Amino acid sequence: MDNAVRVLSTLALKGAVHNLAGHYEASGGVRIDADFAPTLALLDRLRGGEGADVVILTREGLDDMAREGRVVADSCVDLARSYVGLAVKAGFAHPDIATEPALRAALLAARSVAYSRIGASGILFAQLIERLGIASEINASACIIPSGFTAERLITGEADLAVQQISELKQVGGIEVIGPIPRELQTPAVFSAGRVAASGKVAQADRLLRFLASREVAPVLRESGLEP
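S.K.: Mind showing me how you'd approach helix 5 (residues 120-131) here?
M.R.: Along an α-helix, residues three or four positions apart point the same way, because every turn accommodates 3.6 residues. Here helix 5 spans 17 Å end to end across 12 residues, near enough to the 16 Å set by a 1.5 Å rise per residue. Buried within helix 5 we find Ser-121, Gly-122, Leu-124, Phe-125, Leu-128 and Ile-129. Along the long axis of helix 5, the arc covered by the buried residues comes to 160°, so they all point the same way. Exposed positions of helix 5 whose direction lies more than 90 degrees from the buried face are Gln-127, Glu-130 and Arg-131. The inward-facing, buried residues of helix 5 contact strand 5 (84-89), helix 4 (100-109), strand 6 (113-116), helix 6 (135-141) and strand 8 (161-165). Looking one or two residues beyond helix 5, the residue adopting positive phi is Gly-133, at roughly 75°.

Now the structure itself:
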């Protein structure tokens, strides 16, 4: 494990980090030892003393870690924006979600909607259905998961629609992403990375941060459903 950089990353970057890890090591970088969880869970783990060299969190979460002295503020870099979207099981009809009324109708027509309890997308969705005045109807049959990938509930048949960051939806096979929730109804999440203050691998962590923020990484981010 001495030749690896330990990375704790939000689930939204899981696909991108996995796709980049081999390329990074082949180009002369050290091995990336990555673990993935929702930002709120990672914040708890970091505050509990779990060790890492680099963390990838929402910008708000990273700023909190920097203020607490757990992440080196000068090392922090923004990596990508991410929008919340909806998905259906592969082969199923794609409902119209292009406008607020259409989205409202699509959500109400679904037998069950899967969303996450603690992820950034789940927090946004819970606020959105309150704003649309349909929270009680949706939550009466919703499949609310504590963490993980909501689109897996499409495969098991527990839900007709899955809500999550598009980059997270795309990590589940056998589903189709309909598209983003109308942009005017959401604020994109910004995911950022920084070096853990207690890391003993300063040079290796800083090199990885430079790589993650570089232009050569941008196509991989786009392919995974993120906007560099």
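S.K.: Can you walk me through the packing of helix 2 (residues 39-47) against helix 3 (residues 59-67) in this structure?
M.R.: Helix-helix packing is characterised by the crossing angle of the two axes and by the distance between the axes. At a minimum axis distance of 10 Å, the contact between helix 2 and helix 3 shows a crossing angle of 15°. What the angle tells us is that helix 2 and helix 3 run roughly parallel. The element helix 2 and its partner helix 3 pack so that their crossing is right-handed. Each of Thr-39, Leu-43, Leu-46 and Arg-47 in helix 2 lies in contact with helix 3, whose residues at this interface are Gly-61, Asp-64 and Met-65.

S.K.: What is the right way to read the side chain of Ser-9 from this model?
M.R.: In this structure, Ser-9 sits in strand 1 (residues 4-9). Not counting the four nearest positions on each side in its chain, Ser-9 is found in contact with Val-17, Asp-35, Phe-36, Ala-37, Leu-42 and Ile-56.

S.K.: What exactly am I supposed to notice about the packing of aromatic side chains here?
M.R.: Each aromatic ring pair is characterised by the separation of its centres together with the angle its planes make. In total, this model carries 2 aromatic pairs according to the counting rule given. Here Tyr-24 and Phe-211 contribute two aromatic rings whose centre-to-centre distance is 4.8 Å and whose plane-to-plane angle is 45°, an arrangement assigned as tilted. Highlighted residues: Tyr-24 in helix 1 (residues 14-26) and Phe-211 in helix 9 (residues 202-212), separated in sequence by 187 residues. Of the residues examined, Tyr-24 reaches a relative accessible area of 2% and is grouped as buried. On the accessibility criterion, Phe-211 (8% relative accessible area) is buried.

S.K.: So what exactly am I meant to see when it comes to the sheet that holds strand 2 (residues 31-36) here?
M.R.: Pairing between sheet strands relies on hydrogen bonds along the backbone, with the strands arranged either parallel or antiparallel. Here we have 5 strands laid out as an open sheet, ordered 2-1-3-10-4, and mixed in their pairing. Looking at strand neighbours, the two that pair on one side only are strand 2 and strand 4 (77-82), the edges of this open sheet. Taken pair by pair, the neighbouring strands of this sheet meet at an average axis angle of 20°, ignoring direction. Two strands pair when backbone bridges link them, and strand 3 (residues 54-58) and strand 10 (residues 189-195) are joined in this way by 5 bridges, in the antiparallel orientation. Across the sheet, residue Thr-58 finds its bridge partner in strand 10, namely Phe-191. With respect to the sheet, helix 1 is in contact with strand 1, strand 2 and strand 3, its orientation differing from that of strand 2 by roughly 170°. Its contacts with the sheet place helix 9 against strand 1, strand 2, strand 3, strand 4 and strand 10, and it is angled at close to 155° to strand 10.

S.K.: Would you explain the sheet that holds strand 9 (residues 175-180) in this entry?
M.R.: One open sheet holds the 5 strands; their spatial order is 7-6-8-5-9, and the pairing between them is mixed. Lying at the two open borders of the sheet, with one neighbouring strand each, are strand 7 (143-145) and strand 9. This sheet shows a mean twist of 25° between the axes of neighbouring strands, independent of strand direction. As defined by bridge partners, strand 6 adjoins strand 8 across 2 bridges and the pair is classed as parallel. Across the sheet, the residue bridging to Ala-114 is Ala-162, located in strand 8.

Rules behind the numbers
Residues numbered from 1 in each chain as written. Predicted model: local features only at pLDDT ≥ 70, side-chain atom pairs only at ≥ 80, totals over all residues. Heavy atoms only, no water. Helix = DSSP H or I, 4+ residues; strand = E, 2+ residues; numbered from the N terminus. Expected span 1.5 Å × (residues − 1). Buried < 20%, exposed > 50% of the residue type's maximum accessible area, 1.4 Å probe, protein only. Arc of directions from axis to C-beta. Contact = heavy atoms within 4.5 Å. Axes fitted to C-alpha atoms, helices over the stretch in contact; angles between N-to-C directions. Parallel < 35°, antiparallel > 145°, perpendicular 65-115°, else oblique. Left-handed = near helix turned anticlockwise from the far one by under 90°. Phe/Tyr/Trp six-rings, centres within 6.5 Å; stacked < 30°, edge-to-face > 60°. Pairing = 2+ DSSP bridges.

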